[in-house]
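Okay, here's what each chain looks like letter by letter:
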Amino acid sequence: MKWFGQLKVYLFPPVTRQMALDIASRALTRSVGAEPLICHGRKPERFRIYANLPEPCWWIPVPWSDGNDGFTIRSSRVIVIGRQTGAVHYDGSAGDEG
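Just so it is clear, the structure is predicted and the values come from calculations on it, not from any experiment.

Explain the sheet that holds strand β3 (residues 88-93) here, please?
Think of a sheet as strands paired side by side through backbone hydrogen bonds, with each pair either parallel or antiparallel. Taken together, three strands build an open sheet; the order of strands is β1-β2-β3 and the sheet is antiparallel. The sheet is open, and its two borders are formed by β1 (57-62) and β3, each paired with just one other strand. Taken pair by pair, the neighbouring strands of this sheet meet at an average axis angle of 15°, ignoring direction. In terms of strand pairing, β1 meets strand β2 (residues 77-82) through six bridges, oriented antiparallel. Across the sheet, the residue bridging to tryptophan 58 is isoleucine 81, located in β2. Across the sheet, helix α2 (residues 17-27) lies against β1, β2 and β3, angled at about 130° from β2, the strand it touches most.

Right, dumping it as structure tokens:
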């Protein structure tokens, strides 16, 4: 029965894609300006995050916003937001360097 509940949340999430983008925007310390945020329904293949997430999630790559964006070679930053609760489960390195 657990798989049915997870499927239901995946198909009809209480936290919509737009709500997840709004949560990610609030989680950023600086505004991203004109740069649009992209929300993925599944973890992108290049991301290497080894976390046991408690619910289906939205995956939003965001800039580091530390003034070094575009000038340093490092992994991307990602914010992972739960589809059921809207909680930020992860905010950090996507593990996609190299």
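After that view, the rundown keeps rolling.
For this particular structure, what's the right way to read the pattern of salt bridges?
Oppositely charged side chains may form a pair once their charged atoms are brought near each other. Summed over all chains, the structure comprises two salt bridges. With a closest N to O distance of 3.7 Å, aspartate 96 and arginine 46 form a salt bridge. With a gap of 50 residues between them, aspartate 96 in the segment after β3 and arginine 46 in the loop between α2 and β1 connect regions that are remote in the sequence. Judged by relative accessible area, arginine 46 falls into the partly exposed class, the value being 46%. Between aspartate 91 and arginine 77 there is a salt bridge; the shortest N-O distance is 2.9 Å. Remark: arginine 77 occurs in strand β2 and aspartate 91 occurs in strand β3; sequence separation between them is 14 residues. For aspartate 91, a relative accessible area of 38% corresponds to the partly exposed category.

Quick question: what am I supposed to make of the side chain of glutamate 55 here?
Topologically, glutamate 55 is positioned in the loop between α2 and β1. Arginine 83 is the oppositely charged side chain nearest to the buried, salt-bridge-free glutamate 55, at an N-O distance of 8.2 Å. In this structure the side chain of glutamate 55 is engaged in a polar contact, spanning 2.6 Å, whose partner is the side chain of threonine 85. When sequence neighbours within four positions are dropped, the list of residues in contact with glutamate 55 reads Gly82, Arg83, Gln84, Thr85 and His89.

Calculation notes
Residues numbered from 1 in each chain as written. Predicted model: local features only at pLDDT ≥ 70, side-chain atom pairs only at ≥ 80, totals over all residues. Heavy atoms only, no water. Pairing = 2+ DSSP bridges. Helix = DSSP H or I, 4+ residues; strand = E, 2+ residues; numbered from the N terminus. Axes fitted to C-alpha atoms, helices over the stretch in contact; angles between N-to-C directions. Contact = heavy atoms within 4.5 Å. Salt bridge = Lys/Arg side-chain N within 4 Å of Asp/Glu carboxyl O. Buried < 20%, exposed > 50% of the residue type's maximum accessible area, 1.4 Å probe, protein only. Lys, Arg positive; Asp, Glu negative; His and termini not counted. Polar contact = N/O pair within 3.5 Å; in protein donor to acceptor, adjacent residues only side chain to side chain.

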